[in-house]
Amino acid sequence: MTEYLLKILIVGDGNVGKSSFVHRYVNGQFSKNYKMTVGVDFSVKLLKWSEKEKVRLQLWDIAGQERFISMTRIYYKGALGCIVMFDVTSSSSFLNCPHWKNDLDNKAMLPNGNSIPCILLANKCDLAQRAVSAENIDKFSKANGFATWMETSVKENKNIEEAMRRLVKEILLV
Ligand code: GDP
């Protein structure tokens, strides 16, 4: 059995659902009041990838990092993949995605100088008040080098496993 260790970052504006996503994926739960403790580095999930391969995922949530400038370097170091998340009901969280992607492309590079594989997640798709159209998301995703984009609902457990498998696939193919 081969085991891969993959460090994955989750970035995006506050309140889009990053901590809930990690909590859901790692612990299988959605809880309204859950908030990852600031200063805790990452959560771990072991994923059976194939008959012969396991993947140990280290999920780093940026929660609170903005206030800890010195942690930023540690946060990006050695990352092999990334999720940029926004909230479909918040146009400002979508408009900030270029900032997150650029920051990532500047700070997290593979040893060969390429940017790390990245997927874009449009979270809270269970809510009716959409502020961003699928057409705009698709355009943005293609123009900014994302491997793909997906709608997710951490609340309704929609596309969480799928998104992670998609990202891992992208990383292992690189
Ligand atoms: P973070 O600041 O990006 O880590 O966001 P949180 O994980 O703290 O989530 C912010 C708020 O959005 C919380 O009240 C969550 O319960 C809620 N939330 C997260 N994901 C979803 C979702 O898919 N649908 C809905 N309706 N609410 C969500």
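Coordinates for the structure precede this section.
These remarks concern the structure in this document. (Residues numbered from 1 in each chain as written. Predicted model: local features only at pLDDT ≥ 70, side-chain atom pairs only at ≥ 80, totals over all residues. Heavy atoms only, no water.)

### Brief notes about the pattern of salt bridges
- One pass over the structure, following the stated rule, counts nine salt bridges.
- The salt bridge involving Lys 54 is made with Glu 3; its shortest N-O contact spans 3.9 Å. Remark: Glu 3 occurs in strand β1 (residues 2-11) and Lys 54 occurs in strand β3 (residues 53-61); sequence separation between them is 51 residues.
- A residue is classified by how much of its surface remains accessible, and Lys 54, at 25% relative accessible area, is partly exposed. (Salt bridge = Lys/Arg side-chain N within 4 Å of Asp/Glu carboxyl O. Helix = DSSP H or I, 4+ residues; strand = E, 2+ residues; numbered from the N terminus. Buried < 20%, exposed > 50% of the residue type's maximum accessible area, 1.4 Å probe, protein only.)

### With respect to the site of the ligand
- What surrounds the ligand is a group of 17 residues, the closest being Asn 15, Lys 18, Ser 20, Asp 126 and Val 154.
- At 3.0 Å from an oxygen atom of the ligand is found a main-chain nitrogen or oxygen belonging to Gly 17.
- With respect to the ligand, the backbone of Ser 19 contributes an N or O atom lying 2.8 Å from an oxygen atom.
- In isolation the ligand has 580 Å² of accessible area, and contact with the protein removes 86% of it.
- For the shell around the ligand, the element with the highest residue contribution is helix α1 (residues 18-27), accounting for three residues.
- Taken together, the residues that form the shell around the ligand break down as four nonpolar, seven polar and six charged. (Near = heavy atom within 4 Å. Polar contact = N/O pair within 3.5 Å; in protein donor to acceptor, adjacent residues only side chain to side chain. Areas by Shrake-Rupley, 256 points an atom, 1.4 Å probe, with all protein chains shown as cover. Nonpolar A, V, L, I, M, F, W, Y, C, P; charged D, E, K, R; others polar.)

### Observations concerning the sheet that holds β3
- One open sheet holds the six strands; their spatial order is β2-β3-β1-β4-β5-β6, and the pairing between them is mixed. Each end of this open sheet is capped by a strand with a single partner; those strands are β2 (43-48) and β6 (148-151). This sheet shows a mean twist of 25 degrees between the axes of neighbouring strands, independent of strand direction.
- Pairing between β1 and β3: nine bridges, direction parallel. Looking across to β3, one finds that Ile 10 is bridged to Asp 61.
- Contacts between α1 and the sheet are confined to β1, β2, β3, β4 (81-87) and β5 (118-123), with β3 contributing the most and set at about 155 degrees to the helix.
- Contacting β1, β4 and β5, helix α4 (residues 97-107) runs over the sheet at an angle of about 165 degrees to β4. (Pairing = 2+ DSSP bridges. Axes fitted to C-alpha atoms, helices over the stretch in contact; angles between N-to-C directions. Contact = heavy atoms within 4.5 Å.)

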